[in-house]
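# Coordinate inspection notes
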Amino acid sequence: MSADPSRPVIELPPQYDPTVVEAPGYQRWLEADAFTAGRPDRADLPPFSLVIPPPNVTGSLHVGHAFEHVLMDALTRRKRMQQYDVLWLPGMDHAGIATQNAVERGLAKEGLSRHDLGREAFVERVWKWKAEYGGQILGQMRRLGDGVDWSRERFTMDEGLTRAVRTVFKQLYDQDLIYRAERIINWCPRDRTALSDIEVDHREIEGELVTIQYGPLTVATTRAETMLGDTAVAVHPADERYRHLIGTMVPLPLTGRMIPVVGDEHVDPSFGSGAVKVTPAHDPNDFEIGQRHGLPSITVLDELGNVTAHGPFLGLDRFEARPAVVEALRAEGLIVAEKRPYLHSVGHCSRCGTVVEPRLSLQWFVRVAPLAQRAGDAVRAGETTFVPPEMAARYFSWVDNMHDWCVSRQLWWGHRIPVWYGPDGETVVPGPDEEPPAGPGWVQDEDVLDTWFSSALWPASTLGWPDDTPDFERYYPTSVLITGYDIIFFWVARMMMFCTFIAPEVPFRQVMVHGLVRDARGRKMSKSAGNGIDPLELIDAYGTDAVRWTLARAANPGGDVPLSEEWVQGSRNFVNKLWNATRFALMNGADPALPLDETTLSVADRWILSRLAEVTVEVDALYEAFEFGKACDALFHFARDELFDWYVELAKVPMRGDEAEAGRTRAVLGRSLDTVLRLLHPVIPFVTDELWRSLNGYGEDDPQTLALAEWPADPGGPDPAAGAEFARLQELVVELRRFRTQQGIASRRKLGAMLLTSDSGAQAFAATWSPQLAALADLTIQVGSEAPAGWETLTAGGMSVALDLLGSIDVEAERARITRALEAKAKEIAQTADKLGNQGFLAKAPEKVVAEIRQRHDNAVAEQALLNERLRRLG
């Protein structure tokens, strides 16, 4: 019986097939405009917004993306159900170096380079590549179930975002916060571009340390080829060993040049010989020494890492020049010492893995100090908070110690630096709405801006800044940012710097920081380690919801996430159990719309509704704290262990009873499943939407979707009395099942049983629970005050049950089994007693070993007593 007789009866297939449900389900959400922010029906609702960390246009969905997107999707789905006007804004990053490399690889196959095409034609080629191959991750996001507002999809090279980049560049330039200067930068000889500090990965590698004679001084270096550009030797001014040499000249080996000895407090007199070679054009510390002492800067390596100094090394690659220089020094007797292998930290390009070369270069820099100050103050003042709070320390370690940011890149793909140079040395930075200067001799800067320059504006530019758009007015600042701890430095700090510069408010109120996805043993995933997991392959094999559930259940703020395929298999089993339980409910007429008279509820009904209320409150609080893993755990154990394993089994009894009992049970089961499906929907949206629609009688052509349903309302308080009563039944059933397993009595084989009712409490329990106890423990129950002779008696939950085992087991076989077990126990008792009585053993054996043997002895004695009692009862 249902609340509405005209409602169609939905029949679910016997097995859940994700391939049948997922694609139509996502299309239904799109047709319902479920993810579109600003819908008229939500105009009066409070806004809730977040932007997606934009994946690279070259990228595809990897397991890190999948994990992060599951968390964002779960958050926004819940907020949408809580009646917020939710904007989850999608988009992609143009990924300057990665995209240019991808297109250049394609050109190389045609025997061409970008220089053969020229800049304009090459950029056109990149746009064509982007249209054809870029953005495959967007389709993969649909497979994952991402509920983003596709109508607001953005790209960092869009016209609007380009205008935002030019606007902030102009503002920074006018306030002297962006400047051009020669500085030591990180240079990638493969990509032939500058890199910022955080685009350099430092790795321990084996090299060599050579000590070289410079006249009366010795210096050590791991980069012998750079000595060709030395312009001084530095010592500490208070070092008594060398004070007399300061101001004198020493010979620079192999070059015929004389270089000065300078005194500089940067030098550590206790390190090595206390004297250091100074190469201002190829080392950041040496550059600073050179600035302090007015030393010349001689560049001896070109952009490819080849030697440019005249002489026998001209044209050699840096790694070819290094041993050649050492050999030449050795030939002249100037090598004092050599140490190899010498383990030291060397910077590598984070994109291509090439060893980075410190190089003096004319570049554009952002003066970060005042920007970083405001970005740090905003977090200290609580304008933006971190979850978990301890992640703020990582943030401060960056913004409080930031160096000026090199933002120019020697690429053709990206936001070209909006600076024009005139024939007479003029420098002009026009505003975004101003025409750039034109005419003979005027040229635009050749470089482009660092990719992170545009993504630093992402929360604001995607909403329309610098214009005061309706979206910017309504959704900025965004509510929360969900991101990994590995890009706090790359992205979070930069967004805070730029967005607090262009607007009075912070770009996001909260930053939820998650960890990295690792394998089941906690190792970082990589192709080289052979432990990488492709989320799309897992989705193909087990369904999207199983993958999402596995990732979300392992999530906790700030912590890394272990993942294995075996765990995804377990998640699929849970999804299947949810499907089967709902299918059973539908087959038996469960309906959340059925009227429910709470005065007629059974103890079991009251118990499950009480537990449902407690779990709803618990899960709500956990979602609010971004504790996705704990929320999933709470839902998993309630759904599987209580609703499915207990209440659904109990429901079979009243559903076979009179219509009033059956109707009440259908209503409670329907209401419980409806609430659980709502609570689970943020994490496993496909299966829950399909089941919820079926449970509520929505046919195939009905557009209703759980994605737009309401979040469960305040369920009311718990029912401790029902909980205590039901706990007695659970304790008794668990003990009976344990006993059956121990005795090897097959499940579904009915045992004769008598509920012993020696008092009024036991009589009430028997009146309430006899049918359910019989069903759950496979018993044929009668009620009495005294156990029949020869029956086994168990006590649990304050109740005693006598069991007739004589008709259920082979007595002779059981006697033989117990006799064999007693022999084994006697042997174990003797062996352990012998060891415990050996004083020599006790004196030498570790305390832990002795404790284990003593425990084995005590356990064997106790089990021997139980077996003897069992044998006595068999007669």
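You'll find the structure just up there.
A brief report on the enclosed structure follows. (Residues numbered from 1 in each chain as written. Predicted model: local features only at pLDDT ≥ 70, side-chain atom pairs only at ≥ 80, totals over all residues. Heavy atoms only, no water.)

## Remarks on the overall build of the chain
What the chain contains, in helices and strands, is 27 helices and 29 strands. Within the chain, the fraction of its 875 residues that count as buried is 54%. Taking as baseline every contact in the chain between residues at least 6 positions apart, the subset at least 24 positions apart corresponds to 78%. Counting only carbon and sulfur atoms, one obtains 51% of the accessible surface of the chain, whose full area is about 37,900 Å². Considering the chain, the positive charge centre built from 90 side chains and the negative charge centre built from 124 side chains are found 5 Å apart. (Helix = DSSP H or I, 4+ residues; strand = E, 2+ residues; numbered from the N terminus. Buried < 20%, exposed > 50% of the residue type's maximum accessible area, 1.4 Å probe, protein only. Contact = heavy atoms within 4.5 Å. Areas by Shrake-Rupley, 256 points an atom, 1.4 Å probe, with all protein chains shown as cover. Lys, Arg positive; Asp, Glu negative; His and termini not counted. Charge placed at Lys NZ, Arg CZ, Asp CG, Glu CD.)

## Let's talk about the packing of aromatic side chains
Per the counting criterion, the structure on display carries 31 aromatic pairs. Arranged with centres 5.2 Å apart and planes meeting at 45 degrees, the rings of Phe386 and Tyr395 form a pair that is tilted. For Tyr395, a relative accessible area of 0% puts it in the buried group. Through a chain of ring-to-ring contacts, the aromatic side chains of Phe169, Tyr173, Trp364, Trp405, Phe453 and Phe498 assemble into a single cluster. A cation sits over an aromatic face here: Arg380 above Phe396, 4.1 Å from the ring centre. Positioned above the aromatic ring of Trp405 is the side chain of Arg494, whose terminal nitrogen or guanidinium carbon lies 4.0 Å from the ring centre. (Phe/Tyr/Trp six-rings, centres within 6.5 Å; stacked < 30°, edge-to-face > 60°. Lys NZ or Arg CZ within 6 Å of the ring centre and 35° of its normal.)

## With respect to the environment of Leu343
With respect to the helices, strands and loops of the structure, Leu343 is situated in strand β13 (residues 335–349). Once the C-alpha coordinates of Leu343 and Leu209 are considered, the two residues, 134 residues apart in sequence, prove to be 9.2 Å apart. Discounting chain neighbours no more than four positions away, the residues touching Leu343 are Glu204, Ile205 and Glu206.

## Re the pairing of strand β9 (residues 232–235)
Side chains of β9 alternate between two faces, with Ala232 and Ala234 and Val233 and Val235 buried alike. As paired elements, β9 and strand β12 (residues 275–278) share four bridges and run antiparallel to each other. Residue pairing in the sheet places Ala234 in a bridge with Val276 of β12. In terms of strand pairing, β9 meets strand β11 (residues 257–263) through three bridges, oriented parallel. Counted as the bridge partner of Val233 is Val261 from β11. (Pairing = 2+ DSSP bridges.)

## Quick notes on the sheet that holds β9
Sheet architecture is open: four strands sit in the order β10-β11-β9-β12, paired in mixed fashion. Strand pairing shows two members of the sheet lacking a second neighbour, β10 (249–252) and β12, which therefore form its edges. On average, adjacent strands in this sheet sit at an angle of 35 degrees to one another, irrespective of strand direction. (Axes fitted to C-alpha atoms, helices over the stretch in contact; angles between N-to-C directions.)

## Considering the environment of Gly256
Structurally, Gly256 can be placed in the loop between β10 and β11. When its relative accessible area of 76% is taken as the criterion, Gly256 is described as exposed.

## Regarding the pattern of salt bridges
Evaluation of the coordinates by the stated rule reveals 53 salt bridges. In this structure, Arg640 and Asp641 form a salt bridge, with 2.6 Å as the shortest nitrogen-oxygen distance. Classification of Asp641 as partly exposed rests on a relative accessible area of 24%. Taken together, the salt bridges that share partners define one network made up of Glu208, Glu327, Arg330, Glu338 and Arg340. (Salt bridge = Lys/Arg side-chain N within 4 Å of Asp/Glu carboxyl O.)

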